[in-house]
Structure formats: structure tokens, C-alpha cells
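Single-letter residue listing:
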Amino acid sequence: MIVFSNLILKNIFLYLLNKNKFKQVLEYSLISKGCFSIIQDLLTFDNDCIMVMMTFNSIKNYIENSKLQLSINKPTIILNQLMKRKLLQFKEIEQLVIFYNNNNNNNNNNNNNNNENNNELKRSEYNYLINNFKNLKRIYSESLKFAYFPSYQYYNDLIDYNKICKIYIKKLFINWLYFGPISSTQEHQLFSNLQYQDSPYFNFSFEFLSHYNPKKLIISTPNHKIENNFYNLNNILNYKSIKSINFKNIITPNSFIKKVFSESNLKSIKIILDNNNNNNRNDFIFNKIENNNFKLKKLVIKNFDFQNFNNNNNNNNNNNNNNYLEEENLINESTNKFLNEICLKNYNLKYIGLEFFVIKESKLLKPLFNLKFLNTISCNNDSFIAVIQHCNENKNIKTLKYHNKVLLQLIPEDFKIFYNFFKSNKTLEDLRIFYYYPHLEKSFLKIKKSLSDSKNKTIKNLEIKEVTNKK
């Protein structure tokens, strides 16, 4: 019989317990006394190394059952011995990770006005945890939480909670109306006293972020309303817990972009730019990229309103051909310049999203060869052909995300493009196609037949999915 040392068993359980359900962890602990002791120590003193999938209800049930067993009339020394036999040493634990099922969450809080969402940590749950885990210092909530505004109504309550035990939220969704992301009563008064034309430039403190300590921030406004854009969001980047920011349907301010590439701690950023700006679209962002951000792993640059963008493109195609060619040359030049600069100053990128760009030739993507860690590209229909040509040339690209945002059905020529790509590509393993209009479903599902006919053995995953939220 093979006997493992405690050190080996500890390393085995670090692997087995991570992201496993609490019920399964209990079963592992019953293998032997040695296993019980190792798992007990991991959950109590080394739980920053593992993430056991404990829901609030599972923790509460365990504690209540334990209290019932410990409520018997016995000497204190015996009760202490009984407590030591509990897998969860809830009087000693300093850190908890709470999991929630977010599958049914709706990202639009216009449709959900209930601040006590079933899939996020409630105040009553928070109170229960800090009352029963006497040494608790940190709670990590693996959920998507909504920040409702004006949030100054809840300011004092939240700050009191964090004095006792800090909360760390996995994802925080910010969706404000005309009031803006207010953090305190004082800030609300200052903002209210501004003239209407000055309000978009108010310097919000974003102090409320310290109440949530989010890892990922999703920033949006209701109904694509351009008047809900604020231009001074830089203080968001002062909060070091934030590693990822996703602008959904709000234009990213120029000063914010500049700071992301100079001072930020971010690993991932999704930027949205105004493609209706009459200036050269690519120079518009190139001038903002002046410094390095070697921590950045994911950069996605998107259009603000793809429907307007498509209309503008169609109008441009009807213009004088010479003017169109001149504009296309300018776009190509600035695209190449921008990608060169990005690749030189952010060489740790693993994922680059090019939805903002119109790239007609694969040679414009040559700077991407300098990104040795790059394995994922996303693009829209304007750049798809150039990008798949690049995928044939760049063996590092393993995943391609294609966003098709046109209304028209695929034609035989389109299927031929897919078939030829499947036939020639030897390195891409994952292709994800996103279409934005329900009537295109049957058309896009035919792409699977093209893959089958091509006898491509490299692509292991072909995902075709409708995007129901076009924001």
C-alpha cells in the first residue's frame, strides 16, 4: 500500500478542493483522520490558496448544525474538544469565499430594481457571517453585484460594514442615470449645484468603490443615452483591487484612455470610442497611447454604435471613389501606426480586440507577430477576411472571435470564404461566431457544414451564438 506524507497529501488536496463543492470537501475529509486534519488546516489557515465553492446557505446550515451539537450541557473543556473536531473552524477563520449562481442575472438594472438580488451578498448574510466568524477579516463574493445610484443613500451603512470586515466583489456593475456615480451626501450637494453644461465634467471621487473592492468593473448607462456620459472618470483607476474594466454602452473618455496606458494597474480593458467622430478614427485613439502598460493582457477597442457605423460606411461607399480611396489610405496608415505602437509598448498582450478598426489587408496586422504571448483576436465583419488571413500566417493565434453585425444573410461566397479558411488553417483551435439579429440563425448554423466538409481536424471548438444584448 502506498502511503503519502502529509506534505504530498496537502498538495493533492490543494488541487482536489479548489473550486469544488463544500459537500465534496466534506466527503474527502472523511477518508481518514489525517485527511480530516489536513483539510481542516487548509480551510482555516490556508484558504487563500484554494477556493472551495461554499454558498451562504451551505455555510449557514453547517454552522447551525454545529451550534446544535455544541449546545449540550457539558464542561467547557469537552465543548472545546468537540469544536476542534469540526471541519470548519468558524471561530478561527479569517477569510471566506462565497459563491453564487449568476446564470439568471440580468445585466440591466433597469429591469431589476431590487437592491437585494438573490445572487449577491445581502446585508443580512453579511451580518450573520461576521457574528459567527469572530476573526473574519475578508469576504470574497464570487458574484456580480449591481451598484445603484444615487448611492449616497447607503453610504454610511456600507462604510460601517467595511470597518469590521472587508468585502471583495468579483464583478461590480455600475449603471447610473443623470445623477452620476455619487459616493456621499457632500458629493451629491456639490454635483447638484453645478450648471447643467458643467455636470458632465464633474470630478467624481468614486469612493463608493472602496465599499465593494471589485476585481472587475462593468460601466454602462441606460438605453445608449449619450447625455449620460461623464468625462472625468479617472479616479476609478485609484482603486487597486480593480484589474479589469469593461465599458458597455458608454464612450470611454480620452483622459481615461491616456491614464490606462500610463499609470494603471489594469490587466484587461474594453474601450468604446465614438466612430461618428469626423476626425480620422484611428488617429483619434493613437494620440492617447503614449506610455507603456506591461501589465495589460487584454485590450479590446469597440465602436459606440455599430448600426450608425454601418450606415456611415455605406454612405462613404457612395461618395466619390477618389475621396474614398484617400480616406482608406489614411485609415490604413494610422491603423498600422497604432498597432506598431501598441505592440511595442504593451508586448504582454494575450488578447486584442479590433472591432473598432476597418482592416482590409492582412499586411496591416504584421505588428501582431511581435506579440509573443498573443493567442486571441476578436474582430468584426469589416476586418474578418484580413484577420483570417493573418490567422493562417500566425501560428500563435489559437482563438478567433468574430462579431458579425450586419443584417444581411450569408451568401454562397461567404460560405466559400469559411470553407477555404477551414481547409487551409492548421493552427486555429477555437472559432466563436457572434451574430446580432435572430433571423440570421439558420444562415450561420450552415457554417458548421462548411467545417465538416473541409475535414479540418485542428478546430476543436466552433461556437455560433446570438448576441441578444447589442449594447
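These lines cover the structure that appears in this document, whether it is placed above or below. None of the values given here were measured: they were computed from a predicted structure.

At their nearest, the axes of helix H15 (residues 412-424) and helix H17 (residues 447-454) sit 9 Å apart, and the two run at 40 degrees to each other. For the crossing formed where H15 meets H17, the hand is right-handed. For the pair formed by H15 and H17, the contact residues are Phe-415, Phe-418, Tyr-419, Phe-422 and Lys-423 on the first element and Ile-447, Ser-450, Leu-451, Asp-453 and Ser-454 on the second. Per-class residue counts for the contact of H15 with H17 are six nonpolar, two polar and two charged.

All right, on to unusual backbone geometry then. Of note, the phi angle at Phe-206 is positive, near 60 degrees, even though the residue is not glycine. Within the fold, Phe-206 resides in the loop between helix H8 (185-192) and helix H9 (209-212). In this model, Lys-455 sits at a positive phi of 60 degrees, which is unusual for a non-glycine residue. When you line up the elements, Lys-455 lands in the loop between H17 and strand E12 (461-466).

Where helix H1 (residues 6-17) contacts helix H3 (residues 33-45), the two axes come as close as 10 Å, and the packing angle between them is 60 degrees. Considering the angle they form, H1 stands oblique to H3. When the axes of H1 and H3 are compared, the crossing they make is right-handed. Counting all contacts with H1, which are made through Asn-6, Leu-9, Lys-10, Phe-13, Leu-14 and Leu-17, the residues of H3 involved are Cys-35, Ile-38, Ile-39 and Leu-42. Grouping the constituent residues of the contact of H1 with H3 by class yields eight nonpolar, one polar and one charged.

Counting residues in each nonpolar core, the largest one holds 117 residues, and the members touching the most others are Leu-129, Ile-236, Ile-245, Ile-269, Leu-400 and Ile-447. The element best represented in this core is H3, accounting for six residues. Excluding anything up to four places from it in sequence, Ile-269 contacts Ile-245, Phe-247, Phe-256, Val-260, Leu-296, Lys-298, Leu-299 and Val-300.

Moving on to the pairing of strand E4 (residues 216-220). Regular strands have side chains that alternate between both faces of the sheet. In terms of burial, E4 is a largely internal element, four of the five residues being buried. In this sheet, E4 lies alongside strand E3 (residues 166-175) in parallel orientation, the contact comprising five bridges. Looking at the pairing, Lys-171 lines up with Lys-216 of E4. Pairing of E4 with strand E5 (residues 244-247) involves four bridges; the strand directions are parallel. Pairing of Lys-216 across the sheet is with Ser-244, part of E5.

Moving on, we come to a positive patch on the surface. Residues Lys-19, Lys-215, Lys-240, Lys-267, Lys-295, Lys-297 and Lys-350 make up a contiguous surface patch of positive charge. In this structure, Lys-267 sits in the loop between helix H10 (254-260) and strand E6 (268-273). For Lys-267, a relative accessible area of 46% corresponds to the partly exposed category.

Next up on the list: H17. Those residues of H17 not exposed but buried are Ile-447, Ser-450, Leu-451 and Ser-454. Within H17, the buried residues cover an arc of 100 degrees as seen down the axis, which keeps them to one side. Facing away from the buried side of H17 by over 90 degrees, the exposed positions are Lys-449 and Ser-452. Buried-residue contacts for H17 involve H15, strand E11 (430-435), helix H16 (441-445) and E12.

Reading guide: rules and limits
- Residues numbered from 1 in each chain as written.
- Predicted model: local features only at pLDDT ≥ 70, side-chain atom pairs only at ≥ 80, totals over all residues.
- Heavy atoms only, no water.
- Axes fitted to C-alpha atoms, helices over the stretch in contact; angles between N-to-C directions.
- Helix = DSSP H or I, 4+ residues; strand = E, 2+ residues; numbered from the N terminus.
- Left-handed = near helix turned anticlockwise from the far one by under 90°.
- Contact = heavy atoms within 4.5 Å.
- Nonpolar A, V, L, I, M, F, W, Y, C, P; charged D, E, K, R; others polar.
- Parallel < 35°, antiparallel > 145°, perpendicular 65-115°, else oblique.
- Core = buried A, V, L, I, M, F, W, Y, C linked by side-chain atoms within 4.5 Å.
- Buried < 20%, exposed > 50% of the residue type's maximum accessible area, 1.4 Å probe, protein only.
- Pairing = 2+ DSSP bridges.
- Patch = residues over 30% accessible without salt bridge, like charges linked within 9 Å, V, L, I, M, F, W, Y side chains within 5 Å.
- Areas by Shrake-Rupley, 256 points an atom, 1.4 Å probe, with all protein chains shown as cover.
- Salt bridge = Lys/Arg side-chain N within 4 Å of Asp/Glu carboxyl O.
- Lys, Arg positive; Asp, Glu negative; His and termini not counted.
- Charge placed at Lys NZ, Arg CZ, Asp CG, Glu CD.
- Arc of directions from axis to C-beta.

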